[in-house]
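Structural characterization, general
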Amino acid sequence: MKFLDRLFLLLLSIFFNSSVKFVKLVPEEEYCDSDLKGACETQSQISRTFSPDDNTDFREKSDAVSSNRFSKEVDNEKQLRNEEPKHIYHPIKRYILYDVNPGEGFNLRRDVYMRLASFVNKLRQEQKNETWILVLPPWGPLYHWQSRDLGPQFQIPWSLFFDLSSLNKYVPVMEFKDYLNENGPFVEKVYHLQHYAEGWKDGQWEEKYDVRDCINEHSFWEDETGNYTGWFWGYSGIQVFSFTCLSVQGHASTLKPLVKNSKVGSIMFDRAEVVLHDHFGDQDFWKVRRSMRFAKHLHKIGDEFRRKFLNSSDETDGTPLHDDWQMMKTKPGQAVGGPYVAVHLRRKDFLRGRPKEVPSLKHAAEQVQKILHKLKLNTTFVATDAPQKEFMEFKKYLPGAIKYNPPQKVRQQYLDGGVAIIDQWICAHAKYFIGTYESTFSFRIQDEREILGFDPDTTFNRLCGNGKMKCEQPSRWRIIY
């Protein structure tokens, strides 16, 4: 695979050498007013004459763009309606890209997005003359997406799973494919984040970063042109002009000086899960979380299942959803939920990784039955990764158990990730929810229920391990507005 990639890059370099100059790095229309063309002439010339095959020249011209994209002084009385001459500022368009450890799952990746979204939001607040945009890493392949009949599940855009218009109300985002269309197959700087090999110095926590030798293997390598290339979610031919391994200890904001002191237009943080939330659970945390609404087409499928099989709707459940998350503020207990208990029954890898915390199917059914009896309910919705044979065994112990069986059309269109989101959406609307110990899938359902306004007693619950009917329950991360 690596040989083929390098061969492709070589052919691409030859092609560029012979026939093509790189198209604009900075869209002219975004910074150049049609009446002020003189002020943007130099910028336009630079942006249209980049040559990827000349790396030194490219870097020099890239620096030129960084300086020339700054605002120009304009003295045009007619343009300014006879006002005094003043500065007109055209914000610089710059990009933050990121990726996560390949082994991490869907819901941890959502959490890392929140860290980077908050980071970019703070950059925008502190650097008014620059328009920072967060580039969304395509989804897949992921461990839990194991439906082989659906084919390879990668290069999946965020719009399949999330409402991008909602994300954009917190911080400007764009799909990676759109970034390529706008900027070409180039990323100017990549930092591969890693922990310090020596750990905490003298056991003391200190926020810092240092350029270090790479500790672990990574997915980037130097190509024949002297630049770097890498995995990039399966997109070939992408060049990186500078690659550095960076040991980091701290929150996402620890990286702000690194970005502020840089003049490059695109910076990527690989292994972004290394940095922490600036303030987990605070008001800004919940702003980002509230903006992460699922795609409306997935809401619609989940809502239809609730109505048809669970006698549940937003009107009867007290869970209306305002079109704009910024205008929605709920109180604990105002949501009633549908007449069913929802349980996240995690199996597979948790049976091996957390055997003391994952109950047998029979014991799990006994715990759910106790809640059903208390609430005088009969129906249980089950979100599970268990094979059908295990689900039928669970149903033998709990006859009222049902799960969402997606039609083939839904599976093909929205893939395993979309089906999982539909499961989460249905669980979020139950009268009572029971999760799995330390599962990020369960955590995200708890988030949704906080946003919808459920009583925390009906949300922050989990199944106990074998031989226990009582155990330590999940931490209660309450919403803050």
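Residues numbered from 1 in each chain as written. Predicted model: local features only at pLDDT ≥ 70, side-chain atom pairs only at ≥ 80, totals over all residues. Heavy atoms only, no water.

1. A word on the overall build of the protein chain
Basically, it comes down to this: Numbered from the N terminus, helices here are DSSP runs of H or I no shorter than four residues, and strands are runs of E no shorter than two. With a 1.4 Å probe rolled over the protein chains alone, any residue whose accessible area is under 20% of its type maximum counts as buried; one over 50% counts as exposed, and the rest are partly exposed. It only takes one pair of heavy atoms within 4.5 Å for two residues to be counted as in contact. Here, Shrake-Rupley sampling with a 1.4 Å probe gives the accessible areas, and only protein chains in the shown set may cover a residue.
Within the protein chain, the secondary structure is distributed over 16 helices and 17 strands. Looking at the 481 residues of the protein chain, the share that counts as buried comes to 53%. For the protein chain, the proportion of contacts with a sequence separation of at least 24, taken over those separated by at least 6, is 73%. Carbon and sulfur atoms make up 51% of the accessible area of the protein chain, which totals about 23200 Å².

2. Some words on the nonpolar core
The line we're drawing: As used here, the term nonpolar core means buried Ala, Val, Leu, Ile, Met, Phe, Trp, Tyr and Cys residues forming a set that is joined through side-chain atoms within 4.5 Å.
Formed by 75 residues in total, the largest nonpolar core has its most connected members in I96, Y113, F119, W158, F161 and F269. Here this core takes ten residues from helix α5 (residues 106-126), the largest share from any one element. Excluding residues within four positions of it along the chain, I96 makes contact with L116, F119, V120, L123, W132, I133, L134, V135, V259, I267 and F269. Listed in part, the 19 residues of the second largest apolar core include Y95, V135, V187 and F243.

3. Notes on the pattern of salt bridges
It is possible for side chains of opposite charge to pair when their charged atoms get near one another. As a reminder of what qualifies: In the sections that follow, a salt bridge refers to a side-chain nitrogen of Lys or Arg positioned within 4 Å of a carboxyl oxygen of Asp or Glu.
For the structure on display, the rule yields 26 salt bridges. Residue E182 is joined to K93 by a salt bridge in which the shortest nitrogen-to-oxygen separation is 2.9 Å. With E182 in helix α7 (residues 176-183) and K93 in strand β3 (residues 92-98), this pair connects stretches of sequence that are 89 residues apart. In this structure, the salt-bridge partner of R346 is D349, at a minimum N-O distance of 3.1 Å. Take R346 and D349: they sit in the same class, and that class is buried. Three or more residues are tied together by salt bridges with common partners; here these are R289, R444, D447 and E448.

4. Some thoughts on the sheet that holds strand β15 (residues 380-384)
Note the cut-off: Strands qualify as paired when DSSP identifies two bridges or more between them. Throughout, an axis means a line fitted to C-alpha atoms (over the contacting stretch in the case of helices), and angles, computed between N-to-C directions, take values from 0 to 180 degrees.
What the four strands build is an open sheet, ordered β16-β15-β14-β17; its pairing is parallel. Bordering the open sheet on either side are β16 (401-402) and β17 (430-434), each of which pairs with just one other strand. Pairing geometry for β15 and β16, over two bridges, is parallel. Paired with T380 across the two strands is A401, which belongs to β16. The strands that helix α13 (residues 361-375) touches are β14 (338-345), β15 and β17; relative to β14, the one it contacts most, it runs at about 160°.

5. A word on helix α10 (residues 296-309)
Test applied: To estimate the expected span of a helix, count its residues, drop one, and scale the result by 1.5 Å. As used here, the arc belongs to the directions running from the helix axis to the C-beta atoms.
Helix length check: α10, at 14 residues, gives a terminal C-alpha distance of 20 Å against a target of 20 Å (1.5 Å per residue), a fit within 8%. Along α10, the positions that sit buried rather than exposed are L298, H299, I301, G302, F305 and R306. Projection of α10 onto a plane perpendicular to its axis shows the buried side chains occupying an angular sector of 165°, all on one side. Residues of α10 that are exposed and angled more than 90 degrees away from the buried face: K296, K300, R307 and K308. In the stretch just after α10, N311 is the one whose phi turns positive, near 55°.

6. Section: unusual backbone geometry
The step from G140 to P141 runs through a cis peptide bond, and the omega angle for that step is -10°. Tracing the chain through its elements places P141 in the loop between β4 (130-136) and α6 (164-167). In the Ramachandran plot, Q155 falls in the positive-phi region, its phi being about 55° despite a non-glycine side chain. The exposure class of Q155 is partly exposed, given its relative accessible area of 28%. Phi at K348 is positive, roughly 35°, even though this residue is not glycine. Note on placement: K348 falls in the loop between β14 and α12 (349-353). Under the relative-accessibility criterion, K348 is labelled partly exposed at 34%.

7. Quick notes on a nonpolar patch on the surface
As a reminder of what qualifies: Note that patches include only residues with greater than 30% relative accessible area and no salt bridge, and the join distances are 9 Å for like charges and 5 Å for nonpolar side chains (Val, Leu, Ile, Met, Phe, Trp, Tyr).
Together, W200, W205 and L276 line one region of the surface with nonpolar side chains, adding up to about 320 Å² of accessible area. Here W200 lies in the loop between β7 (189-194) and β8 (208-211).

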